[in-house]
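Architecture and fold: a report
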Amino acid sequence: MYSKEIIDHFQNPKNMGAIEGVDAVGSVGNPVCGDIMKIYIKVGKNESGEDAIKDIGFETLGCVAAISTTSMITEMAKGKTLDEAMKIEFKDVESALGEIPPVKLHCADLSVRALREAIGQYKNSNRIS
Ligand code: FES
């Protein structure tokens, strides 16, 4: 039912856990299934002087797909500029992980919302449009 990549990220999640000295936290939940995700980001300038995600961590209380999609999206976002990371869509997460069962697509969407929430919070608190 799950792809090898989904199982792998579930069994060996990347970037799991809160990180010290974060710049922003995106926290989202799904009231229907009860799953909760938090994505922590640290932001710094890249070589081009743009704001980029220098470090990222996550905490997810949820299903196999919730944990594996959060793990994958943190891998995809790490090192990207804030604007690039903001453009990651759940279809990109699915492409990276392999097919996600239709009833679990909302898990990937939740991970996207958690990342965007963290980036949005950083931009708001630093008055970046
Ligand atoms: Fe709801 Fe996975 S079942 S996030």
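Residues numbered from 1 in each chain as written. Predicted model: local features only at pLDDT ≥ 70, side-chain atom pairs only at ≥ 80, totals over all residues. Heavy atoms only, no water.

Once that is clear, we can look at helix α5 (residues 105-125). In this model, α5 (21 residues) spans 30 Å end to end at C-alpha, consistent with the 30 Å of a helix rising 1.5 Å per residue. For α5, the full list of buried residues reads Cys 107, Ala 108, Leu 110, Ser 111, Val 112, Ala 114, Leu 115, Ala 118, Ile 119, Gly 120, Tyr 122 and Lys 123. A positive backbone phi angle near 55° is found at Arg 127, which sits one or two residues after α5. (Helix = DSSP H or I, 4+ residues; strand = E, 2+ residues; numbered from the N terminus. Expected span 1.5 Å × (residues − 1). Buried < 20%, exposed > 50% of the residue type's maximum accessible area, 1.4 Å probe, protein only.)

By secondary structure assignment, the location of Ala 66 is in helix α2 (residues 64-77). Sequence spacing of Ala 66 and Ile 7 is 59 residues, and the spatial spacing of their C-alpha atoms is 11 Å. Leave out the neighbours within four places in its chain, and Ala 66 touches Asp 35, Met 37, Thr 60 and Cys 107. (Contact = heavy atoms within 4.5 Å.)

A separate point is unusual backbone geometry. Glycine aside, the phi torsion of most residues is negative, and most peptide linkages are trans. The backbone of Asn 15 sits at a positive phi, close to 60°, despite the residue not being glycine. You can see Asn 15 is positioned in the loop between α1 (4-11) and β1 (24-29). Asn 15 sits in the buried class, given a relative accessible area of 18%.

On to the sheet that holds strand β2 (residues 36-45). Reading across from one edge, β1-β2-β3 is the order of the 3 strands in this open sheet, with antiparallel pairing throughout. Two strands bound the open sheet, and with one partner strand each, they are β1 and β3 (51-61). Pairs of neighbouring strands in the sheet enclose a mean axial angle of 20°, with direction left out of account. Inspection of the sheet shows β1 paired to β2 by 6 bridges, in the antiparallel sense. (Pairing = 2+ DSSP bridges. Axes fitted to C-alpha atoms, helices over the stretch in contact; angles between N-to-C directions.)

Once that is clear, we can look at the environment of Ala 18. Mapped onto the fold, Ala 18 is located in the loop between α1 and β1. Look at Ala 18 and you get partly exposed, because its relative accessible area is 47%. The spacing of Ala 18 and Ile 56 is 38 residues in sequence and 8.4 Å in space, taken between C-alpha atoms. With sequence-adjacent residues up to four places away left out, Ala 18 is seen in contact with Tyr 40, Phe 58 and Glu 59.

Take the nonpolar core next. Counting 32 residues, the largest nonpolar core has Ile 39, Ile 41, Ile 53, Val 93 and Leu 115 as its most contacted members. When residues of this core are traced back to their parent elements, those giving at least two are β1, β2, β3, α2, α3 (82-86), α4 (90-97) and α5. Sorting elements by how many residues they give to this core places α5 first, with 9 residues. Discounting chain neighbours no more than four positions away, the residues touching Ile 41 are Val 22, Asp 23, Ala 24, Ile 53, Asp 55, Ile 56, Ala 118, Ile 119 and Tyr 122. (Core = buried A, V, L, I, M, F, W, Y, C linked by side-chain atoms within 4.5 Å.)

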